[in-house]
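Each chain, written out:
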Amino acid sequence: MKRINIEFPKPGTSIEKTIPVTEGQIQVELITLNNQGPDGYALEIKFLDGTSEDFPERNTTEFLDGFNSSLELSNGDLLIAKAPK
């Protein structure tokens with residue numbers, strides 16, 4: 001299992017990122033949602049077509065509820081959402 005830190009984009013913005021994982025890659029669009037979660041922010045994660053085909057997450061959307069929350073991927077890697085610097 002690999003821990004992968006992803007940083008929240010600044011509020012009102014979104015970013016696309018390609019992240020290498022244990023087998024293949026995931027391509028995501030990260031969107032900060034205001035007034036959600038315990039710290040006032042949630043992260044919307046859209047898994048895009050560039051995600052390796054063997055990932056069931058491909059073409060799905062997940063939400064992380066605030067900073068330092070995590071999402072386990074189907075390959076066992078862990079995405080951890082960090083506050084913007």
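Structure: above.
Residues numbered from 1 in each chain as written. Predicted model: local features only at pLDDT ≥ 70, side-chain atom pairs only at ≥ 80, totals over all residues. Heavy atoms only, no water.

Participant: Looking at this structure, I do not really get the overall build of the protein chain. What am I missing?
Facilitator: A tally of helices and strands in the protein chain yields zero helices and seven strands. Counted from the first residue to the last, the protein chain has its helices and strands arranged as β-β-β-β-β-β-β. Referenced to the eigenvectors of the C-alpha coordinate spread, the extents of the protein chain come out at roughly 35 × 25 × 20 Å. Per-residue burial over the protein chain gives 39% buried out of 85 residues. Taking contacts inside the protein chain between residues at least 6 apart in sequence as the whole, the part at least 24 apart equals 37%. (Helix = DSSP H or I, 4+ residues; strand = E, 2+ residues; numbered from the N terminus. Buried < 20%, exposed > 50% of the residue type's maximum accessible area, 1.4 Å probe, protein only. Contact = heavy atoms within 4.5 Å.)

Participant: Quick question: what am I supposed to make of the sheet that holds strand β4 (residues 41-47) here?
Facilitator: In a beta sheet, neighbouring strands are held together by backbone hydrogen bonds and run either parallel or antiparallel to one another. Spatial strand order, β2-β3-β4-β5: four strands in an open sheet with antiparallel pairing. Of all the strands in the sheet, just β2 (14-20) and β5 (61-64) have a single pairing partner and so form its edges. Going from strand to strand, the sheet's axes swing by 30 degrees on average, the running direction of each strand aside. As judged from the four bridges shared by β4 and β5, these two strands associate in the antiparallel manner. Along β5, the bridge assignment pairs E44 with F63. (Pairing = 2+ DSSP bridges. Axes fitted to C-alpha atoms, helices over the stretch in contact; angles between N-to-C directions.)

Participant: Which parts of the structure should I look at to understand the environment of L73?
Facilitator: Relative to the helices and strands, L73 resides in the loop between β6 (70-72) and β7 (78-82). Spatially, the C-alpha atom of L73 lies 8.4 Å from that of F55, the residues being 18 residues apart in sequence. Each residue touching L73, except ones within four places of it in the same chain, is listed here: V21, I26, F47, E57 and L79.

Participant: Would you take a moment to explain the nonpolar core for this structure?
Facilitator: Note on soluble globular proteins: their nonpolar side chains tend to be buried together. Ranked by size, the top nonpolar core spans 17 residues in total, and within it I6, I26, V28, L43, I45, F47 and L79 carry the most contacts. Mapped by element, the contributors of at least two residues to this core are β1 (3-7), β3 (25-34), β4 and β7. When near neighbours in sequence (up to four residues on either side) are disregarded, I45 contacts I6, V28, E29, L30, T60, T61, E62, L64, L71 and L79. (Core = buried A, V, L, I, M, F, W, Y, C linked by side-chain atoms within 4.5 Å.)

Participant: Sorry if this is basic, but what is going on with the sheet that holds β7 here?
Facilitator: Ordered in space as β1-β7-β6, the three strands form an open sheet in which the pairing is mixed. The sheet is open, and its two edges are formed by β1 and β6, each paired on a single side. Strand-to-strand twist in this sheet, taken as the mean axis angle between neighbours without regard to direction, amounts to 25 degrees. Pairing of β1 with β7, which is carried by five bridges, proceeds in the parallel orientation. Paired with I4 across the bridge in β7 is L79.

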